[in-house]
Structures are given as structure tokens and as C-alpha cells.
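# Fold and contact review
Residues per chain are reported as follows:
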Amino acid sequence: MKCCPKDKNIKKEWTEKLEGESSNISNNRVIEISNFCKVFSHPLRVKIALLLNNGDLCVCEIVSVLNEKQNLISHNLSIMKKYRVVSSYNQSKYKYYRIEKAAASVLDTISSCK
């Protein structure tokens, strides 16, 4: 079908088809994906994600490797957790973080686009 048809009947059919396709796009899903991507807009969060892509770490290990303040690391981890980029679990007296599969997949895909 031609783009932007001039004929009124064809244009009506064309418009209905496009509206049907756009109704499959949920605003909630758009916001969810947008927020997920925003997590990777901060260099420190990207560094944390790349570290966690190599294995689970506790906050003190991330602080040590990145040489950043603990409160800064914790703040960014909470943002990453909120948007489901990382998850956490307790082991002994420490809280460990792991990267979620979707985020790991994004990192792997981006890393392979050299």
C-alpha cells in the first residue's frame, strides 16, 4: 500500500490499519522500557551493571572496585533495582546484587556491536 494515499477510501483503510497497530502499544510498557533505558544513561550505573554482568557482588565489593562512596553506590543500586535492572538477596550479614537477565542481554548485545 502506498504511503499517505490521496484517495479518501484508501486513506480511511490505511488510517484504520495504522491505528490498529498503534493500539497494541501500551503506554505503561513504553514508560517501563523508557525507565529501563534511563538506568543506562548514567556512567556509574553502567559500570555497576558491567561489574555485575561478571557475577554477583556485595555493596562493599562494588565500592572497592569502583573506588566510589558507599552511599553513592547504594543510591544507584536502588535506582537500578527499582527499574528491575538488578535484584538483591541476603547472604549472612551482606546484601548481594545480581544483574537481571534482560539487562545482561542488553549489555551483551551492545558489547557485541563493535
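See the structure printed just above.
Residues numbered from 1 in each chain as written. Predicted model: local features only at pLDDT ≥ 70, side-chain atom pairs only at ≥ 80, totals over all residues. Heavy atoms only, no water.

One pass over the structure, following the stated rule, counts 3 salt bridges. Put simply, Glu32 and Arg84 hold a salt bridge, and the shortest N to O gap is 3.6 Å. Note that Glu32 is positioned in helix 2 (residues 27-39) and Arg84 in the loop between helix 5 (70-82) and strand 2 (86-91), a separation of 52 residues in sequence. For Arg84, a relative accessible area of 54% translates into the label exposed. In this structure, Arg98 and Asp56 form a salt bridge, with 3.3 Å as the shortest nitrogen-oxygen distance. One end of the pair, Arg98, is in strand 3 (residues 94-99); the other, Asp56, is in the loop between helix 3 (43-52) and strand 1 (57-58), with 42 residues separating them in the sequence. For Asp56, a relative accessible area of 31% puts it in the partly exposed group. Ionic contacts of the salt-bridge type, sharing partners, join the residues Arg29, Glu32 and Arg84 into one network. (Salt bridge = Lys/Arg side-chain N within 4 Å of Asp/Glu carboxyl O. Helix = DSSP H or I, 4+ residues; strand = E, 2+ residues; numbered from the N terminus. Buried < 20%, exposed > 50% of the residue type's maximum accessible area, 1.4 Å probe, protein only.)

What follows deals with the sheet that holds strand 1. Across the sheet, 3 strands lie side by side as 1-3-2; this open sheet has antiparallel pairing. The open sheet has two free edges, formed respectively by strand 1 and strand 2, since each of these has just one partner strand. The sheet contact formed by strand 1 and strand 3 spans 2 bridges and is antiparallel. Bridging from a neighbouring strand, Cys58 pairs with Tyr96 of strand 3. (Pairing = 2+ DSSP bridges.)

Considering the arrangement of structural elements, one finds Val85 in the loop between helix 5 and strand 2. Under the relative-accessibility criterion, Val85 is labelled buried at 0%. Once the C-alpha coordinates of Val85 and Asp56 are considered, the two residues, 29 residues apart in sequence, prove to be 13 Å apart. Apart from the residues within four sequence positions on either side, Val85 is in contact with Phe36, Val39, Phe40, Met80, Arg98, Ile99, Glu100 and Ala103. (Contact = heavy atoms within 4.5 Å.)

The geometry of helix 4 (residues 59-66) relative to helix 5 is characterised by a closest axis approach of 9 Å and an angle of 115 degrees between their N-to-C directions. For the crossing formed where helix 4 meets helix 5, the hand is right-handed. Contacts between helix 4 and helix 5 involve Val59, Ile62, Val63 and Leu66 from the former and Gln70, Ile73, Ser74 and Leu77 from the latter. Broken down by class, the residue content of the contact of helix 4 with helix 5 amounts to 6 nonpolar, 2 polar and no charged. (Axes fitted to C-alpha atoms, helices over the stretch in contact; angles between N-to-C directions. Left-handed = near helix turned anticlockwise from the far one by under 90°. Nonpolar A, V, L, I, M, F, W, Y, C, P; charged D, E, K, R; others polar.)

On their own, these measurements won't tell you what the molecule is for.
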